[in-house]
There are 2 protein chains.
Amino acid sequence: MNEKGHIVKSFDTDLTEISNLVMRMGGLAEAQLAMAIDSLVKRDSELAQQTVQGDGKVDELEREIDNMAVRMLALRQPMAADLRVVIAALKISTMLERIADYAANVAKRVIAINKLPPIRPSHAVPRMAQQVQAMIKDVLDAYQNNDSDLAMQVWRRDAEVDESYNSLFRELLTYMMEDPRNIGGCAHLLFMAKNIERVGDLTTNVAEIIHYQVHGHEPEKARPKGDETSFATVTIDDKAEGSE
Amino acid sequence: MNEKGHIVKSFDTDLTEISNLVMRMGGLAEAQLAMAIDSLVKRDSELAQQTVQGDGKVDELEREIDNMAVRMLALRQPMAADLRVVIAALKISTMLERIADYAANVAKRVIAINKLPPIRPSHAVPRMAQQVQAMIKDVLDAYQNNDSDLAMQVWRRDAEVDESYNSLFRELLTYMMEDPRNIGGCAHLLFMAKNIERVGDLTTNVAEIIHYQVHGHEPEKARPKGDETSFATVTIDDKAEGSE
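This write-up is about the structure you can find in this document. (Residues numbered from 1 in each chain as written. Chains lettered and ligands numbered in written order. Predicted model: local features only at pLDDT ≥ 70, side-chain atom pairs only at ≥ 80, totals over all residues. Heavy atoms only, no water.)

## Things to note about the overall build of chain A
- Helix and strand counts for chain A come out as seven helices and zero strands.
- Written out in order from the N terminus, the α and β elements of chain A read α-α-α-α-α-α-α.
- Taking all 244 residues of chain A together, the buried fraction comes to 61%.
- When the accessible surface of chain A is totalled, it reaches about 10100 Å², and 49% of it is carbon and sulfur. (Helix = DSSP H or I, 4+ residues; strand = E, 2+ residues; numbered from the N terminus. Buried < 20%, exposed > 50% of the residue type's maximum accessible area, 1.4 Å probe, protein only. Areas by Shrake-Rupley, 256 points an atom, 1.4 Å probe, with all protein chains shown as cover.)

Structure follows, in structure tokens:
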């Protein structure tokens with residue numbers, strides 16, 4: 001990952017090793033999200049249960065990366081670009097751990113909604129998840145190849161995820177209003193959608209850290225934010241008044 | 001914060017300074033949450049707007065701490081307890097930034113629900129927030145005094161927050177089912193409650209890092225988890241069937 005040679009040969013080995021650990025953790029987080037979404041599509045509670053259990057492995061890898069980073073900082077006292085690799089590993093692992101956490105939460109909610117009759121908008125959640133899953137794949141490629149351009153491309157794509165979330169949020173609320181029997185299931189789908197939207201945010205954070213690792217500073221422009229649902233009332237309002 | 005003397009006098013100054021920055025950031029995050037909750041109680045959209053804007057200052061402090069930590073790691077190459085102070089500052093600042101983020105999100109949702117007629121369960125959210133605000137206050141005291149016992153006491157209190165969240169979650173869903181006109185407002189309250197529950201989780205994470213700073217490792221026992229709403233269907237189910 002680093003071009004310049006080191007006097008102590010095994011420091012390069014350490015750098016490669018910590019990067020590999022981050023890649024492995026990224027692959028695991030990616031797989032956890034894929035399993036969670038798959039369990040939603042297939043209404044497969046057993047697969048969802050496996051996903052919940054799988055989260056422990058991700059946490060373990062985070063601790064491993066953490067310990068290795070602190071050890072490298074303490075014993076190797078890296079400078080400049082090398083220091084950035086260690087700091088980046090420390091930060092990215094925190095983000096990956098949270099991505100996997102959100103995946104496990106989606107899986108928990110799958111188990112819950114599988115006890116209820118199927119509801120229509122559950123198909124919209126996997127559609128939105130696809131966008132986010134593609135972002136994760138690309139951001140991990142960007143990390144592996146130290147490719148800051150690809151990272152920034154991923155970063156910009158988050159606005160589309162936010163748009164999908166906005167429309168899904170409205171769809172779910174409408175669906176709740178149509179029939180109160182949908183409320184329980186839709187509340188879970190609402191949180192699932194929010195979880196996936198947050199995974200998109202975290203993926204852009206990973207992209208920012210890759211930019212930092214390559215250039216020594218995070219990207220300057222504020223990320224385009226498309227999630228406006230915190231402010232949303234119009235549609236809801238109209239609907240609510242319409243049903244009076 | 002550190003007992004042993006340093007050859008380079010100003011390194012102690014650096015350690016004190018970074019801890020002070022974390023304290024300042026903690027105080028700011030605490031104030032942001034208090035303002036958000038206050039704006040909810042008073043239905044004060046202007047105060048909520050101020051809270052949303054205030055989040056920028058928290059982000060700025062995080063960057064400042066980040067830069068200072070990286071500078072200290074690069075130039076000072078601290079070891080053992082000193083290294084832990086720097087690592088702890090780096091990690092706690094990330095958590096405080098997220099706490100302030102959640103506060104800003106609560107404030108955004110206050111602006112949204114203020115456009116709707118008042119709904120009853122909005123009083124239950126501040127009650128739950130009080131527990132979390134007390135936890136934040138104590139965890140900052142624990143940080144300031146390097147008091148790992150107090151940190152662990154805070155850590156254990158999160159189970160009560162989770163219980164409050166569980167009952168609030170059910171209350172909100174019931175309220176949605178009673179009258180579809182409540183759905184829009186309740187969806188926002190649902191997310192507010194979840195945000196505050198997450199702030200509680202983050203506060204326990206801060207407590208864990210204080211334990212690490214003092215003892216060199218995080219607490220061993222897994223934190224008692226009380227939030228079971230991801231799995232919740234029973235009440236919802238019953239209600240839904242009852243309204244058929």
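Now that the structure has been shown, the text picks up again.
## With respect to the packing of helix H4 (residues 124–144) of chain B against helix H5 (residues 148–178) of chain B
All names here are of chain B.
- The N-to-C vectors of H4 and H5 enclose an angle of 170°; their axes lie 10 Å apart at closest approach. When the axis of H4 is compared with that of H5, the two are roughly antiparallel. As H4 packs across H5, the resulting crossing turns out to be left-handed. In this structure, H4 uses Ala-124, Val-125, Met-128, Gln-131, Val-132, Ala-134, Met-135, Asp-138, Val-139, Asp-141 and Ala-142 to contact H5, whose residues at the interface are Leu-150, Ala-151, Val-154, Arg-157, Asp-158, Glu-160, Val-161, Ser-164, Tyr-165, Leu-168 and Glu-171.
- Along the lines of polarity and charge, the residues of the contact of H4 with H5 split into 14 nonpolar, two polar and six charged. (Axes fitted to C-alpha atoms, helices over the stretch in contact; angles between N-to-C directions. Parallel < 35°, antiparallel > 145°, perpendicular 65-115°, else oblique. Left-handed = near helix turned anticlockwise from the far one by under 90°. Contact = heavy atoms within 4.5 Å. Nonpolar A, V, L, I, M, F, W, Y, C, P; charged D, E, K, R; others polar.)

## Remarks on the interface of chain B and chain A
- Counting residues at the interface gives 44 residues for chain B, matched by 44 residues for chain A.
- Interface of chain B and chain A: buried area, both sides summed, is about 4100 Å²; carbon and sulfur atoms make up 67% of it.
- The largest per-residue losses of area from chain B upon contact with chain A belong to Phe191(B), Ser230(B) and Phe231(B), which jointly make up 15% of the total buried on that side.
- When the shortest N-O distance is used, the salt bridge between Lys91(B) and Asp66(A) registers 2.2 Å.
- Counting the contacts that link chain B with chain A gives two residue pairs in polar contact (both at pLDDT 80 or more).
- When residues of the side of chain B that touches chain A are traced back to their parent elements, those giving at least two are helix H2 (45–76), helix H3 (80–113), H5, helix H6 (183–215) and helix H7 (234–242) of chain B.
- With 11 residues, H3(B) is the largest single contributor of residues to the side of chain B that touches chain A.
- Here the residues of the side of chain B that touches chain A sort into 26 nonpolar, eight polar and 10 charged. (Buried area = accessible area lost by both parts, 1.4 Å probe. Salt bridge = Lys/Arg side-chain N within 4 Å of Asp/Glu carboxyl O. Polar contact = N/O pair within 3.5 Å; in protein donor to acceptor, adjacent residues only side chain to side chain.)

## With respect to H6(B)
Residue and element names in this part refer to chain B.
- For H6, built from 33 residues, the straight-helix expectation of 48 Å at 1.5 Å per residue is met to within 8% by its first-to-last C-alpha distance of 48 Å.
- For H6, the buried fraction is high: 30 of the 33 residues fall into the buried class.
- With its phi angle positive at about 90°, Gly-216 sits one or two positions after the end of H6. (Expected span 1.5 Å × (residues − 1).)

## Comments concerning the side chain of Lys194(B)
- Turning to its location among the elements, Lys194(B) is positioned in helix H6.
- At 3.0 Å, the side chain of Lys194(B) forms a polar contact with the side chain of Glu197(B).

## Some thoughts on the environment of Ile99(A)
All names here are of chain A.
- Structurally, the position occupied by Ile-99 is in helix H3 (residues 80–113).
- For the pair Ile-99 and Asp-201, spaced 102 residues apart in sequence, the C-alpha to C-alpha distance is 9.6 Å.
- Once residues within four sequence positions are removed from consideration, Ile-99 is found in contact with Ala-29, Ile-136, Val-199, Leu-202 and Thr-203.

## Notes on the relation of the copies chain B and chain A
- Once turned by 180° and shifted 0.0 Å along the axis, chain B lies on chain A with an RMSD of 0.0 Å. What the rotation and shift describe, once combined, is the action of a two-fold rotation axis. Across chain B, the rotation axis passes nearest the C-alpha of Gln77(B), at a separation of 2.8 Å.
- Interface residue correspondence from chain B to chain A reaches 100%, placing this contact among same-surface, isologous pairings. (Least-squares fit on C-alpha atoms with pLDDT ≥ 70 in both.)

## Quick word on the nonpolar core
- The biggest cluster of nonpolar side chains holds 168 residues, and the ones touching the most others in it are Met176(A) and Met176(B).
- With sequence-adjacent residues up to four places away left out, Met176(B) is seen in contact with Met176(A), Ile183(A), Asn182(B), Ile183(B), Cys186(B), Ala187(B) and Leu190(B). (Core = buried A, V, L, I, M, F, W, Y, C linked by side-chain atoms within 4.5 Å.)

## Here we look at the pattern of salt bridges
- Counted by the stated rule, this structure contains 18 salt bridges over all chains.
- Asp138(B) is paired through a salt bridge with Arg157(B); the nearest N and O atoms lie 2.9 Å apart. On the criterion of sequence distance, the pair formed by Asp138(B) in helix H4 and Arg157(B) in helix H5 is long-range, its members being 19 residues apart.
- The network of salt bridges with shared partners includes Lys137(A), Asp138(A), Asp141(A) and Arg157(A).

## A short note on the environment of Ala89(B)
Residues and elements named next belong to chain B.
- Counting through the fold element by element, Ala-89 comes out in helix H3.
- Look at Ala-89 and you get buried, because its relative accessible area is 0%.
- Here the alpha-carbon distance between Ala-89 and Ile-18, two residues 71 residues apart in the chain, equals 7.0 Å.
- Look past the residues within four positions of Ala-89 in its chain and what remains in contact with it is Ile-18, Val-22 and Ile-65.

## Things to note about the packing of aromatic side chains
- In this structure the tally under the stated criterion is five aromatic pairs over all chains.
- On the basis of an interplanar angle of 50° and a centroid distance of 6.2 Å, the ring pair of Tyr165(A) and Phe169(A) is categorised as tilted. With a gap of four residues between them, Tyr165(A) and Phe169(A) both fall in helix H5 (residues 148–178), about one helical turn apart. Here the two residues Tyr165(A) and Phe169(A) agree in accessibility, since each one is buried.
- By way of ring pairs, the aromatic residues Tyr165(A), Phe169(A), Phe191(A), Tyr165(B), Phe169(B) and Phe191(B) are connected into one cluster. (Phe/Tyr/Trp six-rings, centres within 6.5 Å; stacked < 30°, edge-to-face > 60°.)

## Re the environment of Asp138(A)
Residues and elements named next belong to chain A.
- Overall, Asp-138 belongs to the buried group, its relative accessible area being 17%.
- Along the chain, Asp-138 and Ala-151 lie 13 residues apart, while their C-alpha atoms are 7.5 Å from each other.
- Not counting residues up to four positions away in its chain, the partners in contact with Asp-138 are Leu-150, Val-154 and Arg-157.

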